[in-house]
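# Geometric and topological summary
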Amino acid sequence: MSNLSFNAATFFPTGSIPKGMTVADVNGDGKADLVIVDEGAANVAVLLGNGDGTFQTPNFFAVGNIPRGIVTADFNGDGKIDIAVTNWSSHNVSVLLGNGDGTFGAAVNYLVLGFNPYGIVAVDVNGDGKIDLVTANYGSDNVSILLGNGDGTFNTATTIGVGNSPWDIKAGDFNGAGKMDLAVTNRDSDNAGILLGNGDGTFQSMVPYSTGAGSLPRGMLLRDLNGDGKLDLAIANEGLNNVVVLLGNGDGTFQLAVSYGTGMSPWSIVVGDFDEDGKLDLATANRGSSNIGVLLGNGDGTFNSVQFFPVGNLPWGIATSDFNGDGKLDLASSDEGNNNVAVLINNSNVIDRGILFNEIDEIIKTDND
């Protein structure tokens, strides 16, 4: 049994106009840190975690012009977390190699050969054991692939066409072929596009799946939501104020979208077991209603009615981790309107059924003695 609950949001300053965000342990101390893009200041803000749900004053690292999307990974194989950021108006990716102590080297920029990149994923798309970068280019209706050299540098981008105004992008093996495939949300086509990989860094033509007329899909995630061992899609639809779930068939195809209401204008989405019942739940940052919406999962790929938790003004990004070390997943959202990040600590009262029944047995035994 569970009672989902979060403490009131605690706010920590970032920089000017925070947008995309992620969680990583950038200084190797075993505590979750926040890494957030500041569009207005053309930098990345790194907020080191204290391990108790609070965060230190941010350190800033310069990137390109109007940065928006972000991903972290180890690009050069030195065991330290690095950062890659998509720069909307300089049409490139900034790569910042980590020093392992929460600081980063100067950005090195790589053109994406497209316009207005936002979504970005770090994954090995050609099977050489080196991390590559793939971006969704909103202004040029294509996806860019930058193959990694394994030393933190990247090759000249190649591109493949997708739908209109691609926003977010994710990678996974959708058909069990052992090759990385791509999924992209095409905002102005009202669909999600699937590009099956050839295993050499190239991809087959996109196959579209409707997210609903007028849906304007934004953020997306890939996860096995119904426990059948196949990757599923969950997408935040700005235009319809909902989340759609497309269950995967395991052969690279997906079922029709099923929708669940959330807050107004959801822009980003994460997955986790927030009530600790062993079933995956969804959470969205709802830009239009200044809250986070949590949809508890039933374990079969369906979800219950949304529960709302207020954050700041104009939430954009969303991330989840155990920020205070109590074993429960917490939530964080970058709030563009207030130039901060809102952190919600999970205080759900989770009762283990096995423990509960054991306690009842003990009470019955005591009463019978």
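About the thresholds
- Residues numbered from 1 in each chain as written.
- Predicted model: local features only at pLDDT ≥ 70, side-chain atom pairs only at ≥ 80, totals over all residues.
- Heavy atoms only, no water.
- Helix = DSSP H or I, 4+ residues; strand = E, 2+ residues; numbered from the N terminus.
- Rg over C-alpha atoms; globule rule 2.2 N^0.38 Å.
- Contact = heavy atoms within 4.5 Å.
- Areas by Shrake-Rupley, 256 points an atom, 1.4 Å probe, with all protein chains shown as cover.
- Lys, Arg positive; Asp, Glu negative; His and termini not counted.
- Charge placed at Lys NZ, Arg CZ, Asp CG, Glu CD.
- Pairing = 2+ DSSP bridges.
- Axes fitted to C-alpha atoms, helices over the stretch in contact; angles between N-to-C directions.
- Buried < 20%, exposed > 50% of the residue type's maximum accessible area, 1.4 Å probe, protein only.
- Polar contact = N/O pair within 3.5 Å; in protein donor to acceptor, adjacent residues only side chain to side chain.

Once that is clear, we can look at the overall build of the protein. When helices and strands are counted, the protein shows one helix and 28 strands. Against the globule reference of 21 Å for 369 residues, the protein gives a C-alpha radius of gyration of 21 Å, in line with a compact fold. Summarising its shape, the C-alpha atoms of the protein cover approximately 80 × 45 × 40 Å along the three principal directions. Here the analysis covers contacts within the protein between residues at least 6 apart in sequence; of these, 44% occur between residues at least 24 apart. Carbon and sulfur atoms provide 48% of the accessible area of the protein, an area that totals close to 13800 Å². With 16 positive and 43 negative side-chain charges, the protein shows a separation of 4 Å between the mean positions of the two kinds.

Attention now goes to the sheet that holds strand β8 (residues 92-96). The four strands are arranged β6-β7-β8-β9 in an open sheet whose pairing can be described as antiparallel. This sheet does not close on itself; its edge strands, each paired only once, are β6 (67-73) and β9 (108-111). Pairwise comparison of adjacent strand axes, ignoring direction, gives a mean angle of 25 degrees for this sheet. Pairing of β8 with β9, which is carried by four bridges, proceeds in the antiparallel orientation. In the sheet register, Asn 92 faces β9, and the bridge partner there is Leu 111.

With that settled, the discussion passes to the environment of Thr 103. With respect to the helices and strands, the residue Thr 103 is situated in the loop between β8 and β9. Of the residues examined, Thr 103 reaches a relative accessible area of 29% and is grouped as partly exposed. Sequence-distant contacts of Thr 103, that is, excluding residues within four places in its chain, are made with Phe 61 and Gly 98. Side-chain polar atoms of Thr 103 contact the side chain of Asn 99, separated by 2.9 Å. A distance of 2.6 Å separates polar atoms of two side chains, one belonging to Thr 103 and the other to Asp 101.

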